[in-house]
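# Understanding the architecture of this molecule
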Amino acid sequence: MRLAFYTLGLAAIAAALGYALFTQYGIDPLAPEVRTIMLLSLLVAGYIGLRVALVIRAFEQRHADRNGTGDDSRPGRKRSAFNRWGRSSSLDARLEARRERLRRAREVEDRLSESDTS
């Protein structure tokens, strides 16, 4: 379904842009000289839509594999879809601790600036 959506969607956008461009310059978009370039633009847009859909499908399959819903060699280990570098959970914990310290520091600064203004 998504494959057809991207392919037909990009082809429709290409057709609309081509039609608008040719009519803006006073060229009949359905003239025999122009049909070839319109057909080529539709084919290129369809190909691009196909490639986009295939890339998204591959990403979703990798995402399913990493979250343990697909064929996973380590079924107990789940990773985020965007965790491409395999960061360890200790690094994630350190980053979260740093974010929490920064949040607390910001709250202290906000309280101090409020007390200075009153």
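Residues numbered from 1 in each chain as written. Predicted model: local features only at pLDDT ≥ 70, side-chain atom pairs only at ≥ 80, totals over all residues. Heavy atoms only, no water.

### A word on the overall build of the protein
A tally of helices and strands in the protein yields three helices and zero strands. Ordered by position in the sequence, the α and β elements of the protein form the string α-α-α. Considering the protein as a whole, with its 118 residues, one finds that 12% of them fall into the buried category. Pairs at least 24 apart in sequence give 43% of the contacts found in the protein among residues at least 6 apart. Accessible surface computed for the protein: about 9600 Å², of which carbon and sulfur atoms make up 61%. (Helix = DSSP H or I, 4+ residues; strand = E, 2+ residues; numbered from the N terminus. Buried < 20%, exposed > 50% of the residue type's maximum accessible area, 1.4 Å probe, protein only. Contact = heavy atoms within 4.5 Å. Areas by Shrake-Rupley, 256 points an atom, 1.4 Å probe, with all protein chains shown as cover.)

### Considerations on a nonpolar patch on the surface
Side chains of V44, Y47, I48, L50, V52 and L54 sit close together on the surface and give an oily, nonpolar patch of about 490 Å² of accessible area. Considering the arrangement of structural elements, one finds V52 in helix α2 (residues 32-66). Accessibility expressed as a relative area gives 32% for V52, which makes it partly exposed. (Patch = residues over 30% accessible without salt bridge, like charges linked within 9 Å, V, L, I, M, F, W, Y side chains within 5 Å. Salt bridge = Lys/Arg side-chain N within 4 Å of Asp/Glu carboxyl O.)

### A short note on the confidence of the model for the protein
Chain-level statistics for the protein give a pLDDT mean of 79 and a share of 77% at 70 or above. Taken element by element, the predicted model of the protein shows its lowest mean pLDDT in helix α1 (residues 2-24) (84) and its highest in helix α3 (residues 89-117) (88). (pLDDT = per-residue confidence, 0-100.)

### Observations concerning a negative patch on the surface
Negative charge collects at one region of the surface, where E107, E109, D110 and E114 lie side by side. Relative to the helices and strands, E114 is located in helix α3. The exposure class assigned to E114 is exposed, which follows from its relative accessible area of 53%. (Lys, Arg positive; Asp, Glu negative; His and termini not counted. Charge placed at Lys NZ, Arg CZ, Asp CG, Glu CD.)

### Section: the pattern of salt bridges
In total, this model carries four salt bridges according to the counting rule given. Residue E96 pairs with R103 through a salt bridge whose shortest N-O separation is 3.6 Å. Residue E96 is classed as partly exposed on the basis of its relative accessible area, which comes to 38%. Classification of R103 by relative accessible area gives partly exposed; the value is 34%. For E100, the salt bridge identified is with R104, shortest N-O distance 3.7 Å. Residue E100 and its partner R104 are located together in helix α3, separated by four residues, close to a single helical turn. Counted as one network, the salt bridges with shared partners bring together E96, R99, E100, R103 and R104.

### Topic: the environment of T7
Examined against the element boundaries, T7 turns out to sit in helix α1. Beyond its immediate chain neighbours, meaning those up to four positions away, T7 contacts A45, G46, G49 and L50.

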